[in-house]
Amino acid sequence: MKLLEDRIRKDGQAESSTVLKVGSFINHQVDSQFMDQLGRDFARHFKEEGITKVFTIESSGIAPAMMTAAHLKVPMVILKKQTSKILDGEVYQTRVMSFTKGTSYELTLFADYINKEDRILLIDDFLANGEAAMGASRLIEEAGATLAGIGILIEKSFQKGRKRLEEAGYKVYSQARVARLDKGLIEFVEEES
Ligand code: 5GP
């Protein structure tokens, strides 16, 4: 998606060969109108999937997920990152390794906010090794619902996330696909036209 690629070229900061910073418009300060445009694009892409809820993982996925849910006219659910297990039958939990922090957390969802008929669209800001998305998929499947699609703002295509998710059978749509990063360098995957 050219809109996001252009914005990353303008305002993204490649910190290293693995980490891209987008704090000025996605992760820290949020460009609300830009998020609305990204949300509309996700809603258009997944419009035939019969989506009943948009899920995201706190906190950076919330802004684009909210906009996507508004365009699809469905609720948005935030999966929480807890530091310890909640011993309570009302929740689904699974352990996830954080790419940026190098620590793990318990991805947590209250059972009330999902049911077997749900067709869920998962939205997240980055796809690296696919840990967060695979964790979300475990919770959704444990609840008996369907993960009908995964929408990512920025996929780092040189990491293994997309391959893992596709091998698990999920439909992945990334608005920007980064082929290579290095300090001060950002290259995108050339899309076939
Ligand atoms: P994964 O679970 O796919 O390994 O990593 C995805 C998660 O790690 C995203 O939810 C995002 O919060 C964080 N992340 C991964 N790579 C980057 C990056 O290059 N920059 C930023 N800001 N966050 C990242």
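Residues numbered from 1 in each chain as written. Predicted model: local features only at pLDDT ≥ 70, side-chain atom pairs only at ≥ 80, totals over all residues. Heavy atoms only, no water.

**With respect to helix α3 (residues 32–45)**
And step 1. Here α3 spans 20 Å end to end across 14 residues, near enough to the 20 Å set by a 1.5 Å rise per residue.
And step 2. Along α3, the positions that sit buried rather than exposed are Phe34, Met35, Leu38, Gly39, Asp41, Phe42 and Ala43.
And step 3. One side-chain oxygen at the N-terminal end of α3 lies 3.3 Å from the backbone nitrogen of glutamine 33; it belongs to aspartate 31. (Helix = DSSP H or I, 4+ residues; strand = E, 2+ residues; numbered from the N terminus. Expected span 1.5 Å × (residues − 1). Buried < 20%, exposed > 50% of the residue type's maximum accessible area, 1.4 Å probe, protein only. Polar contact = N/O pair within 3.5 Å; in protein donor to acceptor, adjacent residues only side chain to side chain.)

**So, the layout of surface pockets**
And step 1. Approximately 750 Å³ is the volume found for the largest pocket.
And step 2. If you trace the largest pocket, you find 34 residues lining it, with Lys81, Phe99, Thr100, Asp125 and Phe126 closest to the centre.
And step 3. Taken together, the elements giving at least two residues each to the lining of the largest pocket come down to β2 (20–21), α2 (23–27), β5 (91–97), β7 (119–127), α5 (131–142) and β8 (146–156).
And step 4. Element by element, the count of residues in the lining of the largest pocket is highest for β7, at five residues.
And step 5. Split by residue class, the lining of the largest pocket holds 16 nonpolar, ten polar and eight charged. (1 Å grid on protein atoms, 1.4 Å probe; cavity = no way out; pocket = protein on both sides within 12 Å on 5 of 7 lines; lining within 4 Å. Points joined across faces, edges and corners; volume = space filled by probe spheres on them. Nonpolar A, V, L, I, M, F, W, Y, C, P; charged D, E, K, R; others polar.)

**Comments concerning the environment of glycine 151**
And step 1. Among the secondary structure elements, glycine 151 is positioned in strand β8.
And step 2. When its relative accessible area of 0% is taken as the criterion, glycine 151 is described as buried.
And step 3. Expressed as a C-alpha distance, the spacing of glycine 151 and phenylalanine 110, which sit 41 residues apart in the sequence, is 22 Å.

**Examining the pairing of β8**
On a regular strand, one side chain projects to one face of the sheet and the next to the other, so that they alternate.
And step 1. With ten of eleven residues buried, β8 lies mostly within the body of the structure.
And step 2. Pairing of β7 with β8 involves eight bridges; the strand directions are parallel. Counterpart to leucine 122 in the pairing with β8 is isoleucine 150.
And step 3. Following the backbone out of β7, through α5 and into the adjacent parallel β8, one traces a crossover that is right-handed.
And step 4. When β8 meets strand β9 (residues 172–182), the two strands line up parallel, connected through six bridges. Note on β9: the bridge partner recorded for isoleucine 154 is alanine 176. (Pairing = 2+ DSSP bridges. Right-handed = clockwise from strand over helix to strand, strands pointing away.)

**Some remarks on the packing of helix α1 (residues 2–11) against α3**
And step 1. Relative to each other, α1 and α3 sit at 145°, their axes nearing to 10 Å. On α3, the residues that touch Leu3, Leu4 and Arg7 of α1 are Phe34, Gln37 and Leu38.
And step 2. By residue class, the composition of the contact of α1 with α3 is four nonpolar, one polar and one charged. (Axes fitted to C-alpha atoms, helices over the stretch in contact; angles between N-to-C directions. Contact = heavy atoms within 4.5 Å.)

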